[in-house]
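# Coordinate inspection notes
Single-letter residue listing:
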Amino acid sequence: MIHSMTGFAAGEREVAAGTLLLELRAVNHRYLELHMRLDDMLRGSEPALREAITARIGRGKVECRAALVVPANGRLTGRVDPAALAHLARLAGEVRRHFPDSAPLAVADVLRWPGVLVNEEADAGGLETELLALLDDTLREFAAARAREGETLKALVLERVAAMEAQVAVVRPLLPELLRAHQERLQARLLDALQAGADERLRQELALYAQKIDVDEELDRIATHLQEAKRVLAAGGAVGKRLDFLMQELNREANTLGSKSVSSVTSRVSMELKMLIEQVREQAQNLE
């Protein structure tokens, strides 16, 4: 299976302490870059969450958000964290020294301050186990979403590979005639300039020049790279970097094809190939 690096999934799970919410979203990136956005009550689970995510995702800029929504019906118990309360008091005292006329903190403000109110039922409810179970479900949905997009991108890449093969198929049968016609035109101009017959040295020089402008080898290498691209896509897995490398090699051959061109046909094919290669590179950068 081929996976896109772009994806989104969200899930929720009812637990004793309330409702756990979790979101995963990702965009393309050269490596795996993971950002965690967790509620204070869930921050202790960050190492376990990171380990679970990195075991399942290879590349991409991934953001994981997790929150615990506590119901407002008063069925939960809690306590005030003395350390957090003391820290908040020091901060409030520092502010009042600079701004003596500032209003004191209300009790509701204090209780809303992150880390001040600790939910004891949440602590005792095995939140990390529940959160990891929710993450497992969400990761499956996330992988399925990335796989669906990956298959779409695969189809787009194969479509452009087929278009490149069609361009090669157009120009290859025409090469002998194009080279022969160009050689005859060049020979005629040279003979007119030299005002002489078909000199043996002239024929040798024309033969050497014909070798320099022959693009048959470039077309062979392009065909080989396109076959390898199809093999990589068929094999699946992490194909993004491999495809990107193949597109670099294809672009090099397409540039050489253009620089050796002796007709509008090969020049046009070179340009078409480079456009298609760039389109594939854009898609490959989104593949894991």
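Residues numbered from 1 in each chain as written. Predicted model: local features only at pLDDT ≥ 70, side-chain atom pairs only at ≥ 80, totals over all residues. Heavy atoms only, no water.

## Quick look at the overall build of the chain
Each helix and strand counted, the chain has 10 helices and 6 strands in total. Buried residues in the chain amount to 35% of all 288 residues. Sequence separation of at least 24 residues holds for 80% of the intrachain contacts in the chain that already meet a minimum separation of 6. Of the roughly 16200 Å² that the chain leaves accessible, carbon and sulfur atoms contribute 54%. (Helix = DSSP H or I, 4+ residues; strand = E, 2+ residues; numbered from the N terminus. Buried < 20%, exposed > 50% of the residue type's maximum accessible area, 1.4 Å probe, protein only. Contact = heavy atoms within 4.5 Å. Areas by Shrake-Rupley, 256 points an atom, 1.4 Å probe, with all protein chains shown as cover.)

## Structural notes on the sheet that holds strand β1 (residues 7-15)
Taken together, 4 strands build an open sheet; the order of strands is β1-β2-β4-β3 and the sheet is mixed. Each having just a single partner strand, β1 and β3 (32-38) make up the two edges of the open sheet. On average, each strand axis in the sheet is tilted by 10 degrees relative to the strand beside it, whichever way the strands run. Relative to strand β4 (residues 60-69), β3 runs parallel, the two being bridged by 7 bridges. Residue pairing in the sheet places H35 in a bridge with E63 of β4. (Pairing = 2+ DSSP bridges. Axes fitted to C-alpha atoms, helices over the stretch in contact; angles between N-to-C directions.)

## A few points about the packing of helix α8 (residues 216-235) against helix α9 (residues 240-259)
At a minimum axis separation of 10 Å, α8 and α9 run at an interaxial angle of 165 degrees. Comparing the axis directions of α8 and α9 gives the class roughly antiparallel. For the pair α8 and α9, the crossing hand works out as left-handed. Between α8 and α9, the contacting residues are E218, L219, R221, I222, H225, L226, E228, A229, V232 and L233 on the first element and R242, L243, L246, M247, E249, L250, E253, A254, T256 and L257 on the second. In terms of residue class, the contact of α8 with α9 is built from 12 nonpolar, 2 polar and 6 charged. (Parallel < 35°, antiparallel > 145°, perpendicular 65-115°, else oblique. Left-handed = near helix turned anticlockwise from the far one by under 90°. Nonpolar A, V, L, I, M, F, W, Y, C, P; charged D, E, K, R; others polar.)

## Comments concerning the layout of surface pockets
Quantified by volume, the second largest pocket comes out at close to 190 Å³. Taken together, the residues that form the lining of the second largest pocket break down as 1 nonpolar, 4 polar and 4 charged. (1 Å grid on protein atoms, 1.4 Å probe; cavity = no way out; pocket = protein on both sides within 12 Å on 5 of 7 lines; lining within 4 Å. Points joined across faces, edges and corners; volume = space filled by probe spheres on them.)

## Thoughts on the environment of L139
By secondary structure assignment, the location of L139 is in helix α5 (residues 127-171). Through-space distance from the C-alpha of L139 to that of L24 is 7.8 Å; in sequence the pair is 115 residues apart. Aside from chain neighbours lying at most four places away, what touches L139 is L24, A52, I53, R56 and I57.

## Describing the pattern of salt bridges
For the structure shown, the criterion picks out 20 salt bridges. As a salt-bridge pair, R13 and D137 come within 3.6 Å of each other at their nearest N and O atoms. Of this pair, R13 sits in strand β1 while D137 sits in helix α5, and the two are 124 residues apart along the sequence. Of the residues examined, R13 reaches a relative accessible area of 27% and is grouped as partly exposed. Across the salt bridge formed by R140 and D137, the nearest N and O atoms sit 2.5 Å from each other. (Salt bridge = Lys/Arg side-chain N within 4 Å of Asp/Glu carboxyl O.)

## Things to note about helix α10 (residues 264-284)
The first and last C-alpha atoms of α10 sit 30 Å apart over 21 residues, in line with the 30 Å expected at 1.5 Å per residue. Along α10, the residues classified as buried are T266, V269, S270, L273, L276, I277, V280, Q283 and A284. Seen along its axis, α10 keeps its buried residues to an arc of 145 degrees; they face one direction. (Expected span 1.5 Å × (residues − 1). Arc of directions from axis to C-beta.)

## Quick notes on the nonpolar core
Grouped together as the largest cluster of nonpolar side chains are 28 residues, with contacts concentrated most on M164, L219, I222, L243, M247, L250 and L273. If you list the elements that add at least two residues to this core, you get α5, α8, α9 and α10. Beyond its immediate stretch of four places on either side in the chain, L273 contacts M164, Q167, I222, A254 and L257. In terms of nonpolar packing, the next biggest core, distinct from the first, is built from 24 residues, L34, L42, A66 and L135 among them. (Core = buried A, V, L, I, M, F, W, Y, C linked by side-chain atoms within 4.5 Å.)

## What to know about α9
Structurally, the α-helix is built with 3.6 residues per turn, so residues lying three or four positions apart point the same way. The terminal C-alpha atoms of α9, which comprises 20 residues, lie 29 Å apart, in line with the 28 Å expected from a rise of 1.5 Å per residue. When α9 is considered as a whole, its buried residues turn out to be G240, L243, D244, L246, M247, E249, L250, E253, A254 and L257. Structurally, α9 contributes buried residues whose contacts are with α5, α8 and α10.

## Here we look at the pairing of β4
Pairing geometry for strand β2 (residues 18-27) and β4, over 9 bridges, is antiparallel. Bridge assignment links T19 to a residue of β4, and that residue is V69. Running through helix α1 (residues 46-56), the crossover from β3 to the neighbouring parallel element β4 is left-handed. (Right-handed = clockwise from strand over helix to strand, strands pointing away.)

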